[in-house]
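Tertiary structure, described
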Amino acid sequence: MAALGWLTPRRRSATARSVLAGEASAEAARKSSQEAAGTTEEPQFPVHGDDRAAAFFDLDNTVMQGAALFHFGRGLYKRKFFETRELARFAWQQAWFRLAGVEDPEHMQEARDSALSIVKGHRVAELQSIGEEIYDEYMAERIWPGTRALAQAHLDAGQKVWLVTAAPVEIAQVIARRLGLTGALGTVAESVDGVYTGRLVGEPLHGPAKAEAVRALAAAEGLDLSRCAAYSDSHNDIPMLSLVGHPYAINPDSKLRKHARELDWRLRDYRTGRKAAKVGIPAAAGVGAVAGGTAAAIALHRRRR
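Residues numbered from 1 in each chain as written. Predicted model: local features only at pLDDT ≥ 70, side-chain atom pairs only at ≥ 80, totals over all residues. Heavy atoms only, no water.

Let us now look at the overall build of the protein. When you go through the protein residue by residue, the secondary structure sums to 12 helices and 8 strands. The buried share of the protein, reckoned over its 305 residues, is 44%. Here the analysis covers contacts within the protein between residues at least 6 apart in sequence; of these, 63% occur between residues at least 24 apart. Split by element, the accessible area of the protein, about 16,200 Å² in all, is 54% carbon and sulfur. (Helix = DSSP H or I, 4+ residues; strand = E, 2+ residues; numbered from the N terminus. Buried < 20%, exposed > 50% of the residue type's maximum accessible area, 1.4 Å probe, protein only. Contact = heavy atoms within 4.5 Å. Areas by Shrake-Rupley, 256 points an atom, 1.4 Å probe, with all protein chains shown as cover.)

Below, the structure written as structure tokens:
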């Protein structure tokens, strides 16, 4: 019977080499079936030289880990724009956002209200300059390499790439410029003679408002939305994703993941250990950062009480 042992299935975990072998086998099978059916590979995307195509990227948790507004608040606290109790609220909301991976409307509204009250009376030029510093301090190391590569592919194809975010437009423009992107659409805070009034122009660029901004920009730029791409992590951006011919769910929340699968949209997730390894992010380091941020937020929350 021992001689027949090789016939008995053995339980063992997959090694890196076995995973590679499996993926290679699946790819070979797919190519073989395409050839048998007389089909070809998917056309290259993005299409090089298509000047009527562009890409639109959500920012929070799509291009960057966490929320830009919360990182901005942290930087303003360091510069004594507000007190510790305000930082506690920012830290708690940021930790919740990173753990849950979804936007809580109440948290986001509270954060926007806080930010508006904080910048009221300050000059726009001052906040733009500080935004450059805050990017280096808190945001640069939180850019997802995988999403950054997707944006670069569009740039290399000669296409324009825009950030589309509910974050203040001044911060969004700093991030876009640092990443070498074309520009950014963001929430506009009212200013008079270069000084913030503490009010918004219209409403935050969120949900359906993002879709309207993309539609308006496409019309102004002469773009064909059916040839454009959009990328987001949130189900709140389904209106924007639905506008374009190439929607991508990046690090999707559960609702967006379900919607994307139903409509056969492409998915990319850079948060898991295996995906993180592919883009050079140590999974353990990511877990440690979240745990550390949560512990700090809880400590601040308790101190506030």
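Alright, that's what it looks like, and here's the rest.
Structurally, Glu-170 is set in helix α7 (residues 169-178). Buried and without a salt bridge, Glu-170 has Arg-177 as its closest oppositely charged side chain, separated by 11 Å. Of the polar contacts made by the side chain of Glu-170, one reaches the side chain of Tyr-196; its length is 3.0 Å. Discounting chain neighbours no more than four positions away, the residues touching Glu-170 are Val-124, Gln-128 and Tyr-196. (Lys, Arg positive; Asp, Glu negative; His and termini not counted. Salt bridge = Lys/Arg side-chain N within 4 Å of Asp/Glu carboxyl O. Polar contact = N/O pair within 3.5 Å; in protein donor to acceptor, adjacent residues only side chain to side chain.)

Let's shift gears to the sheet that holds strand β3 (residues 183-187). If you walk across this open sheet you meet the 6 strands as β3-β2-β1-β6-β7-β8, and the pairing is parallel. Each edge of the open sheet carries a strand with a single partner, namely β3 and β8 (266-268). Within this sheet the neighbouring strands show an average axis-to-axis angle of 20°, counted without direction. By the bridge criterion, 3 bridges tie strand β1 (residues 54-57) to strand β6 (residues 229-232) in an arrangement that is parallel. Bridge assignment links Ala-55 to a residue of β6, and that residue is Ala-229. Packing against the sheet, helix α6 (residues 145-156) makes contact with β1, β2 (160-168), β6, β7 (246-250) and β8, and its axis sits at approximately 160° to β1. (Pairing = 2+ DSSP bridges. Axes fitted to C-alpha atoms, helices over the stretch in contact; angles between N-to-C directions.)

Of all hydrophobic cores here, the largest spans 42 residues; its most connected members are Phe-57, Leu-59, Leu-76, Met-139, Leu-163, Ile-175 and Tyr-231. Of all the elements, helix α5 (residues 124-139) adds the most residues to this core, at 7 residues. With sequence-adjacent residues up to four places away left out, Phe-57 is seen in contact with Val-63, Thr-147, Leu-150, Ala-151, His-154, Val-161, Trp-162, Leu-163, Val-164 and Tyr-231. In terms of nonpolar packing, the next biggest core, distinct from the first, is built from 25 residues, Val-164, Met-240, Leu-241 and Ala-249 among them. (Core = buried A, V, L, I, M, F, W, Y, C linked by side-chain atoms within 4.5 Å.)

Our focus in this paragraph is the environment of Tyr-138. By secondary structure assignment, the location of Tyr-138 is in helix α5. Measuring from C-alpha to C-alpha, the distance between Tyr-138 and Gly-75 comes to 7.7 Å, with 63 residues separating the pair along the chain. Excluding its chain neighbours within four sequence positions, the residues that come into contact with Tyr-138 are His-71, Arg-74, Gly-75 and Lys-78.

Taken as a whole and assessed by the stated rule, the structure comprises 16 salt bridges. For Arg-215, the salt bridge goes to Glu-212, with nearest N and O atoms at 3.7 Å. Of this pair, Arg-215 and Glu-212 both sit in helix α8 (residues 208-221), 3 residues apart, which is roughly one turn of that helix. Each of Lys-78, Arg-79, Glu-133 and Glu-137 takes part in a single network of salt bridges with overlapping partners.

A regular strand carries its side chains on alternate faces of the sheet. Of the two faces of β1, the one holding Ala-54 and Phe-56 and the one holding Ala-55 and Phe-57 are both buried throughout. For β1 and β2, the ladder comprises 4 bridges, and the chain directions are parallel. In the strand pairing of β2, Phe-57 is matched with Leu-163.

Attention now goes to unusual backbone geometry. Residue Asn-61 is not a glycine yet carries a positive backbone phi of 70°. Inspection of the secondary structure puts Asn-61 in the loop between β1 and α2 (68-78). Relative accessible area serves as the criterion here: at 6%, Asn-61 is assigned to the buried category. For Lys-80, which is not glycine, the phi torsion reads 60° and is therefore positive. Secondary-structure assignment places Lys-80 in the loop between α2 and α3 (84-100).

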